[in-house]
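Inside the fold
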Amino acid sequence: MKDLYEQCRARSLADPESFWREAAHAIDWISPPETIHDPEHGWFAGGTLNTAWNAVDRHVAEGRGAACALIYDSPVTDTVRRWSYAQLLDEVGRVAAMLSARGVTKGDRVVIYMPMIPQAVFAMLACARLGAIHSVVFGGFAPHELAKRIDDATPRVVLTASCGIEGTRTIAYKPLVDAALCAAHHQVESVIVFNRDALPAKIDAPRDHDWEALRSVTAHHPVPPCAPMASDDPLYILYTSGTTGTPKGVVRENGGHAVSLAWTMKAIFGIEAGDVFWAASDVGWVVGHSYIVYAPLLAGATTVLFEGKPVGTPDAGTFWRVIERHRVKTFFTAPTAIRAIRKEDPDASFLGQIGTGALRAIFLAGERADPETIAWAEGHTGLPVIDNWWQTELGAPAIATCFGLGDSRRKRGSAGFPVPGNHFAILGEDGQPVPTGKSGAVAMKLPLAPCAFRSLWNNPEGFAKNFQTFPGYYETGDAGHFDAEGYLHIMGRTDDIINVAGHRLSTGQMEQIVASVDGVAECAVIGADDGLKGQVPVAFIIARAEAPELETLASRAIARVRAELGAVAALKTAYLVPQLPKTRSGKILRNALRKIMSGEDFAPPPTIDDPSSLEAIRSVVHPRAAA
Ligand code: COA
Ligand code: AMP
């Protein structure tokens with residue numbers, strides 16, 4: 001059944017305004033948009049709305065206050081808790097009152113550096129209610145990265161928790177925040193700390209405030225009303241890796257975001273009010289923003305917030321248990337998570353015992369879903385496993401199988417078809433479309449769908465760069481091709497971004513850090529294939545002739561990346577090599593390094609300056625094979 005999808009796609013391309021006007025009816029507007037799209041003002045200009053109203057208050061106002069909004073399932077603290085929409089409204093109102101008491105108003109920035117606890121969701125929605133712009137920073141980033149984001153976003157307040165629980169480890173967050181604030185030039189007015197029993201933090205007045213104490217003090221303050229936001233007012237800033245060491249602050253606007261996300265819940269994920277949806281991601285990533293917090297709540301569905309890992313919390317059955325226990329209808333995760341489960345439980349015995357309850361489909365994104373992983377999951381669950389492709393910049397899937405429109409076509413290895421509202425072209429270096437089947441740059445014709453970014457925070461030049469290579473198109477940074485049946489295949493990046501366990505990281509940034517280690521003359525970091533995480537970074541280092549403590553150079557480089565970028569970088573391997581393979585013009589042949597790492601045979605590229613450099617590296621990486 002693809003007719004409905006084809007109709008929607010054709011309509012969205014032929015008459016995007018009518019298509020998105022109709023979709024905008026799903027949202028409660030304070031004042032309706034004056035135009036649907038205008039090149040200067042973007043989507044739904046003239047309209048005002050409040051995203052938190054649409055995600056929370058509205059459902060209560062419509063008499064659905066008793067319906068379940070949020071389930072917190074935390075195997076690491078042995079907790080399951082539920083909030084109805086009315087209770088969620090109360091919590092969001094309380095946090096909004098707390099923030100308001102700390103002086104936060106419309107347009108202020110609030111940085112949220114929190115683990116996967118309900119307070120993170122309350123905080124995001126409270127910001128949205130006040131019209132404050134939240135910027136959630138993933139907990140796996142080190143203080144240095146947090147400081148960069150604080151300096152760029154210049155928040156009035158930072159919200160954090162005393163600790164995160166990562167599998168079996170408790171990670172103190174407060175010292176990380178303190179270190180970041182010491183390193184940052186920007187001074188925040190307040191830090192509000194949610195103290196967890198697992199590891200409470202010391203509260204340093206007057207800057208720091210205890211979350212619960214502040215909540216009690218402001219308990220009788222009136223709940224601040226939902227601020228009217230222009231459609232193009234920012235809802236949040238989410239930093240993502242670019243090709244330099246400076247993260248890019250993707251700005252998400254209120255109007256287009258709300259309309260797009262509400263549409264995707266029905267059309268892609270097949271979710272209606274009252275259904276249970278679970279995205280096993282983290283609120284620090286775009287998947288968490290869109291599909292843990294905003295989209296399920298905009299749809300009036302129940303969202304699951306899971307604090308745990310696919311394995312080890314306590315075992316490889318934990319995902320199936322959550323799915324079965326809460327009657328999850330649609331589940332969204334990263335291919336890495338399925339690979340981790342498969343590695344621990346290859347025969348899916350947990351799945352056999354627990355079952356999949358009310359589950360109807362599994363969606364995978366964040367990195368390429370390899371056919372074997374899809375085959376394993378489909379084989380054992382008997383359910384459709386649907387790849388979908390998108391990026392932080394886009395905010396919602398742009399390639400998928402629109403399950404909610406009744407489409408069931410899938411081809412393993414392909415991310416699916418263009419989602420209505422998204423117009424793809426595969427372009428060659430000359431900017432012209434390449435023939436079907438041939439690989440090229442994946443570009444998207446302007447205007448982008450309503451959820452997509454229209455600016456980068458404080459970075460107009462960085463934003464403009466995305467549209468310079470192919471005038472009239474957005475350059476996604478991915479390479480891929482259309483096949484003869486119209487499926488889109490995404491094959492990898494055209495830049496130095498890599499995907500480690502669904503986390504987007506810049507090898508260029510890691511190279512900058514490694515190069516700053518005393519004794520490093522030159523280095524290259526590449527993404528090597530990895531059976532579990534998809535890719536992992538590997539560093540190749542040439543030591544300076546007089547390098548001190550040569551024997552610890554590689555481990556010092558690894559430790560520096562962990563200290564500066566964070567544990568999430570997952571750089572565990574660094575080789576000292578005599579030389580790097582380069583072209584005659586001095587460009588490092590990273591592809592050759594990748595092939596050496598994976599043990600592939602390949603002919604040295606004709607542009608190589610010194611073919612013996614390959615053998616030298618091979619003998620370091622695969623010493624036994626060389627012997
Ligand atoms: N706070 C602090 N540290 C964190 C963290 C957080 N929120 N998230 C991850 N880390 C740390 C981990 O503890 C680990 O540290 P270590 O090197 O000391 O072990 C490191 O960062 C890498 O973490 P991770 O990528 O999670 O690897 P892992 O080896 O701990 O777990 C998997 C492997 C497969 C279980 C895990 O990668 C996973 O769940 N992947 C799915 C990812 C996902 O859902 N991505 C969503 C994007 S849409
Ligand atoms: P992020 O902005 O962190 O969501 O990362 C976006 C990048 O992840 C994309 O540009 C792709 O390189 C990669 N990616 C995300 N989803 C997929 C997918 N389904 N298939 C292949 N690559 C993907």
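Source: prediction; values computed, not measured. (Residues numbered from 1 in each chain as written. Chains lettered and ligands numbered in written order. Predicted model: local features only at pLDDT ≥ 70, side-chain atom pairs only at ≥ 80, totals over all residues. Heavy atoms only, no water.)

**Focus: the overall build of the chain**
Helix and strand content of the chain: 20 helices and 31 strands. Taken against the 2.2 N^0.38 rule, which gives 25 Å for 627 residues, the C-alpha radius of gyration of the chain at 24 Å falls within 12% of a compact globule. By principal-axis analysis of the C-alpha atoms, the chain measures approximately 75 × 60 × 55 Å. Burial statistics for the chain: of 627 residues in total, 59% are counted as buried. Here the chain has roughly 23,800 Å² of accessible surface; of this, 52% comes from carbon and sulfur atoms. The centroid of the 59 positive side-chain charges in the chain is displaced by 1 Å from the centroid of its 69 negative side-chain charges. (Helix = DSSP H or I, 4+ residues; strand = E, 2+ residues; numbered from the N terminus. Rg over C-alpha atoms; globule rule 2.2 N^0.38 Å. Buried < 20%, exposed > 50% of the residue type's maximum accessible area, 1.4 Å probe, protein only. Areas by Shrake-Rupley, 256 points an atom, 1.4 Å probe, with all protein chains shown as cover. Lys, Arg positive; Asp, Glu negative; His and termini not counted. Charge placed at Lys NZ, Arg CZ, Asp CG, Glu CD.)

**With respect to helix α19 (residues 612-621)**
For α19, the complete set of buried residues consists of S613, L614, A616, I617 and V621. Projected down its long axis, α19 shows its buried positions confined to an angular sector of 160°, all on one face. (Arc of directions from axis to C-beta.)

**Brief notes about the sheet that holds strand β5 (residues 79-84)**
If you trace the 7 strands from one edge of the open sheet to the other, you get β5-β4-β17-β16-β18-β19-β20, paired in mixed fashion. Every other strand in the sheet has two partners, leaving β5 and β20 (385-387) as the edge strands with one partner each. Between one strand axis and the next, the sheet turns by 20° as a mean value, whatever way the strands run. With 6 bridges joining them, strand β4 (residues 68-74) and β5 adopt antiparallel strand pairing. (Pairing = 2+ DSSP bridges. Axes fitted to C-alpha atoms, helices over the stretch in contact; angles between N-to-C directions.)

**Regarding the site of ligand 2**
Ligand 2 sits among 15 residues. The nearest are D387, T392, D478, R493 and R504. Contact distances for ligand 2 include 2.8 Å between a nitrogen atom and a side-chain N or O atom of D387. A distance of 2.7 Å separates an oxygen atom of ligand 2 from a polar atom in the side chain of D478. When ligand 2 is considered free in solution it has 490 Å² of accessible area, and contact with the protein chains removes 93% of it. By residue class, the composition of the shell around ligand 2 is 4 nonpolar, 5 polar and 6 charged. (Near = heavy atom within 4 Å. Polar contact = N/O pair within 3.5 Å; in protein donor to acceptor, adjacent residues only side chain to side chain. Nonpolar A, V, L, I, M, F, W, Y, C, P; charged D, E, K, R; others polar.)

**A short note on empty space enclosed by the protein**
By the definition in use, this model includes 3 cavities of 30 Å³ or more. Approximately 100 Å³ is the volume attributed to the largest cavity. If you trace the largest cavity, you find 14 residues lining it, with S260, A396, P397, N422 and A449 closest to the centre. Take the lining of the largest cavity: its biggest share by element is 3 residues, from helix α9 (residues 254-267). A class-by-class count of the residues in the lining of the largest cavity yields 11 nonpolar, 3 polar and no charged. Taken as a whole, the second largest cavity holds about 50 Å³ of empty space. Together, F141, E145, R149, T240, S241, G242, T244, G245, P247, L505, Q509 and L565 line the second largest cavity. Among the residues making up the lining of the second largest cavity, the classes are represented as 4 nonpolar, 6 polar and 2 charged. Per-domain counts for the lining of the second largest cavity show at least three residues from each of domain 1 (2-308 + 388-480) and domain 2 (495-626). (1 Å grid on protein atoms, 1.4 Å probe; cavity = no way out; pocket = protein on both sides within 12 Å on 5 of 7 lines; lining within 4 Å. Points joined across faces, edges and corners; volume = space filled by probe spheres on them. Domains from an automatic or database assignment.)

**Quick word on the packing of helix α16 (residues 507-515) against helix α17 (residues 553-564)**
Running from N to C, α16 and α17 cross one another at 120°; their axes reach a closest spacing of 9 Å. Of the possible angle classes, the one that applies to α16 and α17 is oblique. For the pair α16 and α17, the sense of crossing is right-handed. Touching M510, I513 and V514 of α16 are A557, R560, V561 and E564, all from α17. (Parallel < 35°, antiparallel > 145°, perpendicular 65-115°, else oblique. Left-handed = near helix turned anticlockwise from the far one by under 90°. Contact = heavy atoms within 4.5 Å.)

**Some points on the environment of S162**
Looking at where S162 falls in the secondary structure, it is placed in the loop between β8 (157-161) and β9 (163-166). It is 9.4 Å that separates the C-alpha atoms of S162 and P115, two residues lying 47 residues apart in sequence. Once residues lying within four places of it in the same chain are set aside, the contact partners of S162 are I171, A172, Y173, K174, V193, F194, N195, R196, L199, P200 and A201.

**Observations regarding the domain arrangement of the chain**
When the parts come together, some accessible area is lost, and that loss is often what is quoted as the size of the interface. By the assigned domains, the chain splits into domain 1 (2-308 + 388-480) and domain 2 (495-626). On a C-alpha basis, the centres of domain 1 and domain 2 stand 34 Å from each other. Where domain 1 abuts domain 2, roughly 1,300 Å² becomes buried across the two surfaces, and 46% of that area is made up of carbon and sulfur atoms. Interface area lost by domain 1 to domain 2 is led by S241, T243 and W285, which between them contribute 34%. Taken together, the connections running from domain 1 to domain 2 amount to 1 salt bridge. Residue E393 is joined to R504 by a salt bridge in which the shortest nitrogen-to-oxygen separation is 2.8 Å. Applying the counting criterion to the domain 1 and domain 2 interface returns 7 residue pairs in polar contact (both at pLDDT 80 or more). At 3 residues, helix α6 (residues 143-153) tops the list of elements feeding residues into the side of domain 1 that touches domain 2. (Buried area = accessible area lost by both parts, 1.4 Å probe. Salt bridge = Lys/Arg side-chain N within 4 Å of Asp/Glu carboxyl O.)

**Things to note about the site of ligand 1**
Around ligand 1 sit 23 residues, and of these R169, K309, K533, R562 and K572 come closest. A distance of 2.8 Å separates an oxygen atom of ligand 1 from a polar atom in the side chain of R169. Take R562: an N or O atom from its side chain is 2.8 Å from an oxygen atom of ligand 1. Isolated, ligand 1 exposes 920 Å² of accessible area, and the fraction of that covered by the protein chains is 84%. Residues belonging to the shell around ligand 1 are distributed by class as follows: 11 nonpolar, 6 polar and 6 charged.

**Concerning the nonpolar core**
If you look at the biggest cluster of nonpolar residues, it comprises 95 residues, and the most contacted ones within it are W20, L99, L125, L159, Y291, Y294 and F332. Setting aside residues up to four positions removed in sequence, L159 forms contacts with L99, V110, V111, I112, Y113, M114, A123, I192 and W211. Among the nonpolar cores identified, the runner-up in size contains 42 residues, and V111, V137, F138 and V525 belong to it. (Core = buried A, V, L, I, M, F, W, Y, C linked by side-chain atoms within 4.5 Å.)

**Side note on the pairing of strand β15 (residues 248-253)**
Counting buried residues along β15, 6 of its 6 residues qualify, which places the element largely inside the surrounding structure. Side chains K248, V250 and R252 of β15 all project onto a buried face; the interleaved residues G249, V251 and E253 project onto the opposite face, where all are buried too. As paired strands, strand β14 (residues 234-240) and β15 are joined by 6 bridges and run antiparallel to one another. Paired with T240 across the two strands is K248, which belongs to β15.

**Focus on the side chain of R339**
Mapped onto the fold, R339 is located in helix α12 (residues 335-344). In contact with R339, not counting residues within four places along its chain, are E367, R368, D370, T373, G531, L532, K533 and G534.

**A few points about the sheet that holds strand β23 (residues 424-427)**
Spatial strand order, β23-β24-β25-β26: 4 strands in an open sheet with antiparallel pairing. Each edge of the open sheet carries a strand with a single partner, namely β23 and β26 (488-493). Adjacent strand axes in the sheet meet at a mean angle of 50° when their direction is disregarded. With 5 bridges connecting them, strand β24 (residues 440-445) and strand β25 (residues 473-482) associate as antiparallel partners. In the strand pairing of β25, K445 is matched with Y473.

**Focus on the packing of α9 against helix α10 (residues 286-298)**
The geometry of α9 relative to α10 is characterised by a closest axis approach of 8 Å and an angle of 85° between their N-to-C directions. By the criterion of interaxial angle, the relationship of α9 to α10 is roughly perpendicular. Together, H257, A258, L261, T264 and M265 of α9 and S290, Y291, Y294, A295, P296 and L298 of α10 make up the contact between the two elements.

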